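Given next are the chains, with one letter for each unit.
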Amino acid sequence: MQAYERKQLLERIGREGATIGADIPDEIEVQGETIDLQEFVFEIKRRDTVPSGERERVEQAKRNLRRERVQRVERIEEGDIDREEGEALATSVIGIDRALNALESLGPTDLEREQQAQQTADKKRWMSFLKKALGKGTDSGARRGR
């Protein structure tokens, strides 16, 4: 493969909208293991949230996909490959990116923790409002009394 062809493939992978319209591969070999990637992503996306038992599985899958993506990009950059293999690698990298985007965009994984954080933030805003309304916690309130 020529240097300019490698550059074109790397630019295609790095393009902002590269994953738009791209398909998640049906299967992909990651770390020597074949994964039904499309089925896995759609199975996880069908749920509103990731159940606690599945969180670690999803996180591990994302780590493995990121690792595999790096290895495939390195093969395009430095490997002794022909144009056809480079195209296949670039397409698979874009498919991995698409799968990672889908997995990253999942809703909150812990609804109770999310609700608690929301309540805490609401209380802080309310207390801040009350302090301002009552003139406490600002220098202006202290000056009026002098």
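Residues numbered from 1 in each chain as written. Predicted model: local features only at pLDDT ≥ 70, side-chain atom pairs only at ≥ 80, totals over all residues. Heavy atoms only, no water.

Moving on, we get to the overall build of the protein. Of the regular secondary structure elements, the protein holds six helices and two strands. Secondary structure elements of the protein, listed N to C terminal, follow the sequence α-β-β-α-α-α-α-α. Per-residue burial over the protein gives 29% buried out of 146 residues. Across the protein, contacts joining residues at least 24 apart in sequence account for 67% of those joining residues at least 6 apart. Carbon and sulfur atoms form 46% of the exposed surface of the protein, whose accessible area is close to 10,300 Å². (Helix = DSSP H or I, 4+ residues; strand = E, 2+ residues; numbered from the N terminus. Buried < 20%, exposed > 50% of the residue type's maximum accessible area, 1.4 Å probe, protein only. Contact = heavy atoms within 4.5 Å. Areas by Shrake-Rupley, 256 points an atom, 1.4 Å probe, with all protein chains shown as cover.)

Looking now at the layout of surface pockets. One number sums up the size of the largest pocket: a volume of about 240 Å³. Lining the largest pocket we find 13 residues, and of these Glu33, Ile35, Phe40, Ala61 and Asn64 sit closest to its centre. Breaking the lining of the largest pocket down by element, the ones donating at least two residues are strand 2 (33-35), helix 2 (37-46) and helix 3 (52-78). With five residues, the top contributor of residues to the lining of the largest pocket is helix 3. Looking at the lining of the largest pocket residue by residue, the class counts come to six nonpolar, three polar and four charged. (1 Å grid on protein atoms, 1.4 Å probe; cavity = no way out; pocket = protein on both sides within 12 Å on 5 of 7 lines; lining within 4 Å. Points joined across faces, edges and corners; volume = space filled by probe spheres on them. Nonpolar A, V, L, I, M, F, W, Y, C, P; charged D, E, K, R; others polar.)

Before going further, it helps to examine the packing of aromatic side chains. Evaluated as defined, the whole model comprises one aromatic pair. Each ring, one from Trp126 and one from Phe129, has its centre 5.6 Å from the other, and the planes form 25 degrees; the classification is stacked. Here Trp126 and its partner Phe129 are both found in helix 5 (residues 111-134), three residues apart, which amounts to about one turn of the helix. On the basis of relative accessibility, which here comes to 48%, the residue Phe129 falls in the partly exposed class. (Phe/Tyr/Trp six-rings, centres within 6.5 Å; stacked < 30°, edge-to-face > 60°.)

What follows deals with the nonpolar core. Leu37, Phe40, Val41, Ile44, Val58, Leu65 and Leu103 are the most contacted members of the largest nonpolar core, which has 17 residues in total. Elements represented by at least two residues in this core include exactly strand 1 (28-30), helix 2, helix 3 and helix 4 (83-104). Examining the composition of this core, we find that five residues originate from one element, helix 4, more than from any other. Not counting chain neighbours up to four residues away, the residues in contact with Ile44 comprise Val50, Glu54, Val58, Leu103 and Leu106. Residues Leu9, Ile13, Leu89 and Val93 belong to the second largest nonpolar core, which totals eight residues. (Core = buried A, V, L, I, M, F, W, Y, C linked by side-chain atoms within 4.5 Å.)

As for its placement among the helices and strands, Arg72 is situated in helix 3. Between the C-alpha atoms of Arg72 and Ser92, which are 20 residues apart in sequence, the distance is 8.3 Å. With near-sequence residues (within four places) excluded, Arg72 lies in contact with Ile28, Glu29, Leu89, Ser92, Val93 and Ile96.

Locating Glu68 in the fold gives a position in helix 3. In contact with Glu68, other than residues within four places in its own chain, are Glu29, Val30, Gln31 and Ile96.

The next subject is helix 1 (residues 3-14). For helix 1, with twelve residues, the first-to-last C-alpha span of 16 Å sits near the 16 Å given by 1.5 Å per residue. Glu5, Arg6, Leu9 and Ile13 are the residues of helix 1 that are buried. Axial view of helix 1: buried residues confined to an arc of 100 degrees, hence all on one face. Those residues of helix 1 that are exposed and aimed more than 90 degrees away from the buried face are Ala3, Tyr4, Lys7 and Gly14. (Expected span 1.5 Å × (residues − 1). Arc of directions from axis to C-beta.)

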